[in-house]
Amino acid sequence: GVLPLCSRPPVWGRAARQPPGLPLAPCRTFSNNKILVELDESSGVATVKFKSPPVNSLSLDFLTEFCISLEKLENDRACRGVIFTSAVPRIFSSGLDITEMCGKSTEHYAEFWRAVQEMWLRLYGSNMVTVAAVNGSSPAGGCLIALSCDYRIMVENPKFNIGLNEAQLGIVAPFWFKDTFVNVVGHRVAERSLQLGSLLPAPEAHKVGLVDELVPEEKLQEKAQAVTAQWLALPDHARQLTKSMMRKAVLDRLVAHREEDIQNFISFISKESIQKSLRMYMEMLKKKK
Amino acid sequence: GVLPLCSRPPVWGRAARQPPGLPLAPCRTFSNNKILVELDESSGVATVKFKSPPVNSLSLDFLTEFCISLEKLENDRACRGVIFTSAVPRIFSSGLDITEMCGKSTEHYAEFWRAVQEMWLRLYGSNMVTVAAVNGSSPAGGCLIALSCDYRIMVENPKFNIGLNEAQLGIVAPFWFKDTFVNVVGHRVAERSLQLGSLLPAPEAHKVGLVDELVPEEKLQEKAQAVTAQWLALPDHARQLTKSMMRKAVLDRLVAHREEDIQNFISFISKESIQKSLRMYMEMLKKKK
Amino acid sequence: GVLPLCSRPPVWGRAARQPPGLPLAPCRTFSNNKILVELDESSGVATVKFKSPPVNSLSLDFLTEFCISLEKLENDRACRGVIFTSAVPRIFSSGLDITEMCGKSTEHYAEFWRAVQEMWLRLYGSNMVTVAAVNGSSPAGGCLIALSCDYRIMVENPKFNIGLNEAQLGIVAPFWFKDTFVNVVGHRVAERSLQLGSLLPAPEAHKVGLVDELVPEEKLQEKAQAVTAQWLALPDHARQLTKSMMRKAVLDRLVAHREEDIQNFISFISKESIQKSLRMYMEMLKKKK
């Protein structure tokens with residue numbers, strides 16, 4: 001059940017920000033087209049920055065790079081924690097790329113959906129401490145990334161929204177989006193928010209527990225580092241076993257029904273009515289620009 | 001597993017409140033003995049009014065009419081949402097009619113309990129948007145009706161109580177009452193409230209999430225209409241699939257154990273100790289008058 | 001699956017605090033080495049006091065006496081409710097006795113773990129009303145005792161902490177500690193607290209629902225009596241069936257996996273790395289003194 005990895009290997013290199021005259025800081029960076037990774041070896045914390053303008057949408061390419069980066073970090077003994085954030089102003093991630101779901105072949109839908117599953121399985125099941133530093137709006141799949149982390153910090157700007165708003169597009173969040181959501185906000189808030197496709201402004205999201213903490217934008221990275229350090233103060237082994245105990249049931253459920261879930265996605269997304277409503281949604285987005 | 005429907009068919013008719021001189025408003029009403037239904041075809045929203053004085057208790061007749069009305073609306077393409085409210089002052093519904101559980105035959109208990117199950121299966125599993133406009137006290141089965149809706153608005157009067165108070169009567173809420181309750185308020189509040197048989201005044205009920213919103217009595221129907229319209233703004237198909245995803249596990253559990261649940265009810269309610277405590281409770285209610 | 005009981009039978013006797021000149025109050029006490037039980041026959045409420053200085057740690061002896069006391073009360077028709085509290089200042093219980101888990105034989109680990117399971121099975125599944133009057137800090141296994149009761153009252157002193165802090169010691173709370181915790185505080189708070197091994201000061205614990213109520217120390221016993229009386233006002237039979245309905249799934253899960261859970265504990269605790277970190281923890285505790 002592993003994503004076929006793309007052929008373009010990531011490139012490791014020294015961080016450019018190395019100040020002159022000081023000994024080399026233990027910071028490595030690597031970058032694909034859409035994701036920038038900076039690993040600070042002294043703290044063991046990597047920062048994964050989404051840099052796929054205009055809105056960091058989760059295309060097949062983005063997802064593939066995301067999984068490669070995550071796998072690379074997971075296997076790197078120097079890395080124990082990851083902070084996810086956006087290099088694009090005002091948006092964390094806009095979620096699944098609708099163009100991947102519109103007018104494509106059945107094979108393409110299957111490949112795309114498997115990549116979405118893979119991203120979630122790796123992220124929700126990661127042994128590393130994972131912190132979302134949400135510095136912009138984060139609908140649908142963007143929200144899922146945040147929900148799958150261990151801790152969510154969001155910029156307190158009420159113009160930034162977050163939520164699983166799939167229902168607004170006429171589509172249904174898959175059961176594992178729902179399970180992840182219920183584990184964070186409880187059954188009632190999930191039931192109501194999913195049916196209404198609610199996008200909550202940051203302060204509302206904080207009130208219902210969708211994010212753990214709000215901070216001013218200029219404090220976000222500092223706070224994310226402090227929180228990650230706090231989680232890393234615990235012995236890795238006990239923390240990882242505990243995390244696995246909490247998340248295993250939900251992870252296992254997708255693993256057990258993975259192919260079925262892909263077939264469900266294909267047959268749902270192939271319906272003419274769904275294709276039509278996705279085309280209308282894309283038109284609307286274009287006009288907004 | 002469908003309720004044997006009563007032979008008296010409901011009567012459709014024009015709303016009497018049609019103002020003179022205006023074109024006919026698209027409003028249809030139908031009424032049984034204990035329930036009044038008004039369907040506004042322009043909005044797609046029906047109002048179901050309980051009018052079984054003195055306390056809208058859920059007798060076999062009431063439940064049968066309730067299921068017929070619900071089935072009728074569910075199959076009516078003009079109807080997409082339902083508001084449940086009471087036409088009796090100060091009481092939403094007093095819950096299951098104790099006279100149906102006292103001194104009757106085994107067959108009667110079975111028929112009655114099947115009707116209770118049927119009501120819940122139809123309501124909790126409804127494809128329509130369901131909103132409880134709770135304009136009075138709502139113990140036990142009355143509370144279950146509210147819990148089974150998508151949204152609960154209650155008059156802010158602290159004299160109006162709501163809760164699953166079965167334990168106070170010496171009886172036990174069935175597992176599917178409990179499952180529905182847990183899905184709304186979470187495990188801890190449910191555990192405590194069910195054991196204490198708590199009836200909470202409206203403000204307390206709001207605090208623990210048993211109701212979603214409090215309004216002054218004169219704003220209730222307006223608010224219920226606004227909330228229903230908000231839920232109906234979403235595409236039906238996605239909303240319905242999402243609702244089903246959230247509630248299926250709990251619905252399936254009763255469907256799988258329906259006959260067993262009926263037998264449990266019969267053997268519990270047939271105990272002399274239970275019969276005695278129900279008789280005492282009825283005596284107490286009579287003296288209260 | 002019953003704990004082999006110790007051979008030293010508890011001794012029943014009259015309460016010493018009997019005021020002179022009055023008819024004998026219906027109060028019986030019995031005491032083992034580490035636990036004092038006072039049963040007030042007029043109210044049907046027993047007070048179980050932990051008196052195993054310096055920190056009421058849950059040694060094999062303590063657990064055995066605890067189970068015997070609980071079984072004795074459970075089978076005593078005069079007893080319907082129990083209040084658990086500490087006779088040691090500033091500590092409710094420090095949790096599992098680490099010396100029982102360090103440098104002992106496999107057989108000893110098995111016997112010890114079976115006693116821990118037995119305590120929880122008896123307490124979480126008790127038919128009596130159980131109230132924790134937490135008058136001091138209560139980490140790990142001490143917290144589990146409180147979580148397993150029907151209601152938790154804690155002294156409002158912010159110097160008193162409570163929580164499942166196993167992760168801080170490099171060990172993992174077993175799944176049934178976790179299940180009990182989730183049933184009280186929900187999945188999200190449990191996931192975060194267990195991974196961080198959080199010990200929360202009383203006010204924080206109250207905020208997340210880990211304890212139900214805070215009171216000044218001098219009001220604790222009075223409040224515990226009042227709460228117990230409130231719960232006992234309900235008919236026993238309905239309350240017990242309701243409690244069982246809420247807790248059965250979680251209890252059954254340990255019963256079904258009890259031997260497996262013992263084996264897991266043994267193989268985990270026997271690891272050299274775990275033994276080392278427990279030894280270091282004990283060193284640290286000694287230095288603290």
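Naming follows an unreviewed UniProt entry, where chain A appears as Enoyl-CoA delta isomerase 1, mitochondrial of Antrostomus carolinensis. Reading the Subunit (unreviewed entry) entry of the UniProt record for chain A gives the comment "Homotrimer." Quoted verbatim from the Function (unreviewed entry) heading of the UniProt record, the comment on chain A is "Key enzyme of fatty acid beta-oxidation. Able to isomerize both 3-cis (3Z) and 3-trans (3E) double bonds into the 2-trans (2E) form in a range of enoyl-CoA species, with a preference for (3Z)-enoyl-CoAs over (3E)-enoyl-CoAs. The catalytic efficiency of this enzyme is not affected by the fatty acyl chain length."

Across its full length, chain A holds 10 helices and 14 strands. Relative to its length of 289 residues, chain A is compact, with a C-alpha radius of gyration of 19 Å against a globular reference of 19 Å. Expressed along its principal axes, the backbone C-alpha trace of chain A runs to roughly 60 × 45 × 40 Å. Across the 289 residues that make up chain A, the buried fraction comes to 56%. Here the contacts in chain A between residues at least 6 apart in sequence split such that 72% fall between residues at least 24 apart.

All names here are of chain B. The pairing of strand β2 (residues 27–31) with strand β3 (residues 35–40) spans five bridges and is antiparallel. Bridged to Thr29 within β3 is Glu38. Linking β2 back to β3 in an antiparallel pair, the connection comprises three residues.

Here we come to helix α10 (residues 272–288) of chain B. Residues and elements named next belong to chain B. For α10, built from 17 residues, the straight-helix expectation of 24 Å at 1.5 Å per residue is met to within 8% by its first-to-last C-alpha distance of 24 Å. Within the sequence span of α10, burial applies to Ile274, Gln275, Leu278 and Met282. Mapping the buried residues of α10 onto a view down its axis gives an arc of 100 degrees, with all of them on the same face. Seen from the buried face of α10, the exposed residues on the opposite side, beyond 90 degrees, are Glu272, Met280, Lys287 and Lys288. Contacts from the buried residues of α10 go to α2 (106–124) and α9 (258–269).

Applying the stated criterion across every chain yields a total of 66 salt bridges over all chains. The closest approach of N and O atoms between Arg247 of chain A and Glu191 of chain C, which form a salt bridge, is 2.9 Å. Taken as a pair, Arg247 of chain A in helix α8 (residues 236–256) and Glu191 of chain C in helix α5 (residues 187–196) lie in two separate chains rather than in one. Here Arg247 of chain A matches Glu191 of chain C in class, with each residue buried. For the salt bridge of Asp76 of chain C with Arg28 of chain C, the shortest nitrogen-to-oxygen distance reads 2.8 Å. Taken together, the residues Asp76 of chain C in the loop between α1 (60–74) and β6 (81–86) and Arg28 of chain C in strand β2 (residues 27–31) connect sequence positions 48 residues apart. Relative accessible area serves as the criterion here: at 14%, Asp76 of chain C is assigned to the buried category. Ionic contacts of the salt-bridge type, sharing partners, join the residues Asp150, Arg152, Asp212, Lys243 and Arg247 of chain A together with Arg188, Glu191 and Arg192 of chain C into one network.

What follows deals with the side chain of Ser193 of chain B. Residues and elements named next belong to chain B. Along the polypeptide, Ser193 turns up in helix α5 (residues 187–196). By relative accessible area, Ser193 is classed as buried at 10%. One polar contact links the side chain of Ser193 to the main-chain carbonyl oxygen of Val189, over a distance of 2.7 Å. Residue contacts for Ser193: discarding those within four places in its chain leaves Leu164, Phe181 and Ser198.

Here the focus is unusual backbone geometry. All names here are of chain B. Following Pro53, the chain continues to Pro54 via a peptide bond in cis, the omega torsion being 10 degrees. Note on placement: Pro54 falls in the loop between β4 (45–50) and β5 (57–58). Phi at Arg90 takes a positive value of approximately 70 degrees, unusual for a residue other than glycine. As for its placement among the helices and strands, Arg90 is situated in strand β7 (residues 90–91).

Let's shift gears to the interface of chain C and chain A. Quite often, the size of an interface is put as the accessible area lost when its parts meet. Counting residues at the interface gives 21 residues for chain C and 20 residues for chain A. Roughly 1800 Å² of surface becomes buried between chain C and chain A when both sides are summed, with 63% attributable to carbon and sulfur atoms. Considering only the side of chain C, the residues that lose the most area to chain A are Arg188, Gln195 and Leu196 of chain C, jointly responsible for 40% of the buried surface there. Applying the counting criterion to the chain C and chain A interface returns three salt bridges. Taken together, chain C and chain A are joined by six residue pairs in polar contact (both at pLDDT 80 or more). For the side of chain C that touches chain A, the leading source of residues is α5 of chain C, giving eight residues. The class makeup of the residues in the side of chain C that touches chain A is 11 nonpolar, five polar and five charged.

With that settled, the discussion passes to the packing of helix α4 (residues 175–185) of chain C against α5 of chain C. Each pair of packed helices gets described by two things: the angle between the helix axes and the distance between those axes. Residues and elements named next belong to chain C. Interhelical geometry of α4 versus α5 gives an angle of 130 degrees and a closest axis separation of 7 Å. Overall, the two elements α4 and α5 adopt an arrangement that is oblique. Crossing of α4 over α5 shows right-handed handedness. Side by side, α4 and α5 meet where Lys178, Phe181, Val182 and Val185 of the first sit next to His187, Val189, Ala190, Ser193 and Leu194 of the second. Across the contact of α4 with α5, the residue classes tally to six nonpolar, two polar and one charged.

In screw terms, the move from chain B to chain C is a rotation of 120 degrees and a rise of 0.0 Å along the axis, fitting with an RMSD of 0.0 Å. Each copy turns onto its partner about a three-fold axis. Using C-alpha coordinates, one finds that chain B approaches the rotation axis most closely at Gly186 of chain B, a distance of 4.2 Å.

The next subject is the sheet that holds strand β7 (residues 90–91) of chain A. Residue and element names in this part refer to chain A. The four strands lie next to each other as β7-β10-β12-β13, forming an open sheet whose pairing is mixed. Here the strands that pair on one side only, and so sit at the sheet edges, are β7 and β13 (200–201). Sheet contacts for helix α3 (residues 140–148): β10 (136–139) and β12 (161–163); angle to β10, the most-contacted strand, approximately 100 degrees.

Before going further, it helps to examine the side chain of Ser148 of chain C. If you trace the backbone, Ser148 of chain C turns up in helix α3 (residues 140–148). Once residues lying within four places of it in the same chain are set aside, the contact partners of Ser148 of chain C are Trp120, Leu123, Tyr124, Thr130, Thr180 and Arg247 of chain C.

Another point: the confidence of the model for chain A. In this model, chain A carries a mean pLDDT of 91, and residues with pLDDT of at least 70 account for 91%. ipTM for the predicted complex: 0.90, alongside a pTM of 0.92.

This part is about α5 of chain B. Of all 10 residues in α5 of chain B, eight are buried; the element is thus mostly enclosed. Positive phi appears at Gly197 of chain B, one or two residues downstream of α5 of chain B, with a value of about 55 degrees.

In this section: the sheet that holds strand β7 (residues 90–91) of chain C. All names here are of chain C. Spatial strand order, β7-β10-β12-β13: four strands in an open sheet with mixed pairing. The open sheet has two edge strands, β7 and β13 (200–201), and neither has a second partner. Along the sheet face, α3 touches β10 (136–139) and β12 (161–163) and points at about 100 degrees away from the line of β10.

All right, on to the environment of Ala229 of chain A then. You can see Ala229 of chain A is positioned in helix α7 (residues 220–232). Counting along the chain gives 90 residues from Ala229 of chain A to Pro139 of chain A, while the straight-line C-alpha distance between them is 28 Å.

So, how was this worked out
Residues numbered from 1 in each chain as written. Chains lettered and ligands numbered in written order. Predicted model: local features only at pLDDT ≥ 70, side-chain atom pairs only at ≥ 80, totals over all residues. Heavy atoms only, no water. UniProt positions renumbered as here; feature names shortened; annotations may be inferred. Helix = DSSP H or I, 4+ residues; strand = E, 2+ residues; numbered from the N terminus. Rg over C-alpha atoms; globule rule 2.2 N^0.38 Å. Buried < 20%, exposed > 50% of the residue type's maximum accessible area, 1.4 Å probe, protein only. Contact = heavy atoms within 4.5 Å. Pairing = 2+ DSSP bridges. Expected span 1.5 Å × (residues − 1). Arc of directions from axis to C-beta. Salt bridge = Lys/Arg side-chain N within 4 Å of Asp/Glu carboxyl O. Polar contact = N/O pair within 3.5 Å; in protein donor to acceptor, adjacent residues only side chain to side chain. Buried area = accessible area lost by both parts, 1.4 Å probe. Nonpolar A, V, L, I, M, F, W, Y, C, P; charged D, E, K, R; others polar. Axes fitted to C-alpha atoms, helices over the stretch in contact; angles between N-to-C directions. Parallel < 35°, antiparallel > 145°, perpendicular 65-115°, else oblique. Left-handed = near helix turned anticlockwise from the far one by under 90°. Least-squares fit on C-alpha atoms with pLDDT ≥ 70 in both. pLDDT = per-residue confidence, 0-100.

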